[in-house]
Amino acid sequence: MKQRGSYVKIRKITVRARLKIHSRNLHAPLRDIFVPTSVAVAHYAAFIWAKSPTKCDAQLTESNFQIRTRKKITDFIRTIKPEEETMVSRLIEKIQKTKAPICVGLDPMLSYIPEHVTKKAYDEFGETLEGAAQAIWLFNKEIIDATADLIPSVKPQIAMYEQFGIEGLKAYDKTVKYCQQKGLIVIGDVKRGDIGSTSTAYATGHIGKVQVGSNVFAGFDTEYITVNPYLGTDGVKPFVDVCNEYDRGIFVLVKTSNPSSGEFQDRLIDGKPLYELVAEKVVEWGEASMDGAYSNVGAVVGATYPEMSRVLRKLMPKTYFLVPGYGAQGGTAEDLKYCFNEDGLGAVVNSSRGIIAAYKKEPYVKFGAEHFGEASRQAVIDMITDINSVL
């Protein structure tokens, strides 16, 4: 919701009704609506919710409902709670539809890519950064095509693209957009976090929109990103604000799957390990972005520490977990079962190398490098079966 001059923009309210606004009939669903401030903004919002002006309890006009700031407008719209599916609901819906609480990590390294794919890219662009970016794009595309109907989400790790500079970021952007065309939720694994103004810029670039003159553009436009909480609330809140404004989500690092995570995360502070204190803050931040039983503010909790994930699940019952560490990093289905709630929801499990480089591993070598996409598909099927066996 944004105020511009004498106009108020009410963003992303989904309704199905015939509305009379300023002597014009409009038919919903509506996303971005500009309403002259001379029109009763509060009356208009109540009309949307009630779907009939006669159901409004009072004649709310600008003169008796002094809406002059963005905060007041935002607070009012939240009080009427328009029925709209938000990000974590979309993720849950896709998980339930596919019966696959998993995420394919699109973390391409040149060493993972079959020779015939790199040859094709190098023949066109040479052994250059552009050629490398083309190779990872071709590799990603085949894996996406082979698995998209089986999975709810993907998680491209941006560092694997950044190593090839601007050309790599173009491949990242192309991968994100292609996944979205396939109906997948994209979790940008960017691990951003900084002082407030910088976090705002990160949030805007990855999950929000930026104003350029009279135009508004989305940058990378992923549905979720990962966030580093090391700078505290003023480094995380900008991401939560953008989540609320654009119906997006974040996963905050809480207990990661890497071997040295305990150097900081397990240190005791006032008798509690640091990861538990971070978990408590994630719950607090998440309360500002609830969507039914779960929050749009999730947590990264590694599969490699099952006892810790059991504790964290109890501390964060309304937090969705992004669970790395399955497969190549040593985490098993048995290890990660504590990340889920009793309803079988609450977590989405990531596998990267185990899927995208499956053709190099037993029992998938039978597919060969020429059919690496088919090997990835079978690895996804096996992963789904494995995880569902413990739920």
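Residues numbered from 1 in each chain as written. Predicted model: local features only at pLDDT ≥ 70, side-chain atom pairs only at ≥ 80, totals over all residues. Heavy atoms only, no water.

Enquirer: Describe the environment of Asp-149, listing the residues and the values that go with them.
Expert: Looking at the secondary structure, you find Asp-149 in the loop between α5 (129-147) and β7 (153-154). Given a relative accessible area of 52%, Asp-149 falls into the exposed group. The sequence separation of Asp-149 and Gly-183 amounts to 34 residues, and the corresponding C-alpha distance is 8.9 Å. A distance of 2.8 Å separates polar atoms of two side chains, one belonging to Asp-149 and the other to Arg-377. (Helix = DSSP H or I, 4+ residues; strand = E, 2+ residues; numbered from the N terminus. Buried < 20%, exposed > 50% of the residue type's maximum accessible area, 1.4 Å probe, protein only. Polar contact = N/O pair within 3.5 Å; in protein donor to acceptor, adjacent residues only side chain to side chain.)

Enquirer: How would you sum up the pairing of strand β9 (residues 209-212)? Please name residues and give values.
Expert: Looking at chain direction, β9 and strand β10 (residues 215-218) are connected through four bridges and run antiparallel. Residue pairing for β10: Gln-211 is matched across the bridge by Val-216. In this antiparallel pair of consecutive strands, β9 and β10, the connection spans two residues, and Gly-213 shows a positive phi of 65°. (Pairing = 2+ DSSP bridges.)

Enquirer: Hey, could you go over the confidence of the model for the protein chain for me, with residue numbers and the actual values?
Expert: Overall, the predicted model of the protein chain reaches an average pLDDT of 84, with 78% of residues at or above 70. This model gives residues 1-74 a pLDDT under 50, and the stretch forms 125 contacts once residues within four places in sequence are excluded. Note on residues 76-83: pLDDT under 50 across the span, and 17 contacts to partners over four residues away in sequence or across chains. (pLDDT = per-residue confidence, 0-100. Contact = heavy atoms within 4.5 Å.)

Enquirer: With reference to specific residues and values, describe the pattern of salt bridges.
Expert: Across all of its chains, the model carries 16 salt bridges by this definition. With its nearest N and O atoms 2.7 Å apart, the salt bridge here joins Lys-191 to Asp-189. Take Lys-191: its relative accessible area is 37%, and that puts it in the partly exposed class. Residue Asp-189 is classed as buried on the basis of its relative accessible area, which comes to 5%. One salt bridge in this structure joins Lys-237 and Asp-241, with 2.9 Å as the shortest N-O distance. Here the residue Lys-237 and the residue Asp-241 both occupy positions in helix α9 (residues 233-246), the gap between them amounting to four residues, near one helical turn. By relative accessible area, which is 45% here, Lys-237 ends up partly exposed. Judged by its relative accessible area of 35%, Asp-241 is partly exposed. (Salt bridge = Lys/Arg side-chain N within 4 Å of Asp/Glu carboxyl O.)

Enquirer: Tell me about the sheet that holds strand β17 (residues 297-301), and please be specific about residues and values.
Expert: Spatially, eight strands are ordered β6-β7-β8-β11-β12-β17-β18-β19 in a closed barrel, and the strand pairing comes out parallel. In the sheet, strand β8 (residues 185-192) pairs with strand β11 (residues 224-227) via three bridges, with the strands oriented parallel. Bridge pairing in β11 links Ile-187 to Tyr-224. Helix-sheet contacts for α9 involve β8, β11, β12 (249-255) and β17, and the interaxial angle to β12 is about 150°. Helix α15 (residues 372-388) rests against β6 (102-104) and β19 (347-351) of the sheet, and its axis sits at about 155° to β6. (Axes fitted to C-alpha atoms, helices over the stretch in contact; angles between N-to-C directions.)

Enquirer: Now, about the nonpolar core: what can you tell me, with residues and values included?
Expert: Generally speaking, a soluble globular protein has its nonpolar side chains buried in company with each other. Formed by 78 residues in total, the largest nonpolar core has its most connected members in Leu-106, Ile-250, Val-254, Val-282, Met-316 and Phe-321. Residues in contact with Phe-321, not counting those within four places in the same chain, are Phe-251, Ala-299, Val-301, Ser-309, Leu-312, Arg-313, Met-316, Cys-339, Gly-346, Ala-347 and Val-348. (Core = buried A, V, L, I, M, F, W, Y, C linked by side-chain atoms within 4.5 Å.)

Enquirer: Give me the lowdown on unusual backbone geometry, citing residues and values where you can.
Expert: In the segment running from Glu-362 into Pro-363, the intervening peptide bond is cis, with an omega of 5°. Positive phi, close to 45°, is recorded for Lys-191, a residue that is not glycine. Locating Lys-191 in the fold gives a position in strand β8. Positive phi values are uncommon outside glycine, yet Asp-221 reaches one of about 60°. Inspection of the secondary structure puts Asp-221 in the loop between β10 and β11. According to the relative accessible area criterion, Asp-221 is partly exposed, its value standing at 22%.

Enquirer: Let's hear about the environment of Ala-288: which residues, and what values?
Expert: Its location among the elements puts Ala-288 in the loop between α11 (274-286) and β15 (290-291). Measuring from C-alpha to C-alpha, the distance between Ala-288 and Val-240 comes to 7.6 Å, with 48 residues separating the pair along the chain. Not counting the four nearest positions on each side in its chain, Ala-288 is found in contact with Val-240 and Asn-244.

Enquirer: Explain the environment of Ile-225 to me, using residue names and the numbers behind them.
Expert: As for its placement among the helices and strands, Ile-225 is situated in strand β11. Note on Ile-225: relative accessible area 0%, which makes it buried. Residues Ile-225 and Asp-189 lie 36 residues apart in sequence; the distance between their C-alpha atoms is 5.6 Å. What Ile-225 contacts, discounting residues up to four positions off in sequence, is Gly-188, Val-190, His-206, Ile-207, Phe-239, Gly-249, Ile-250 and Phe-251.

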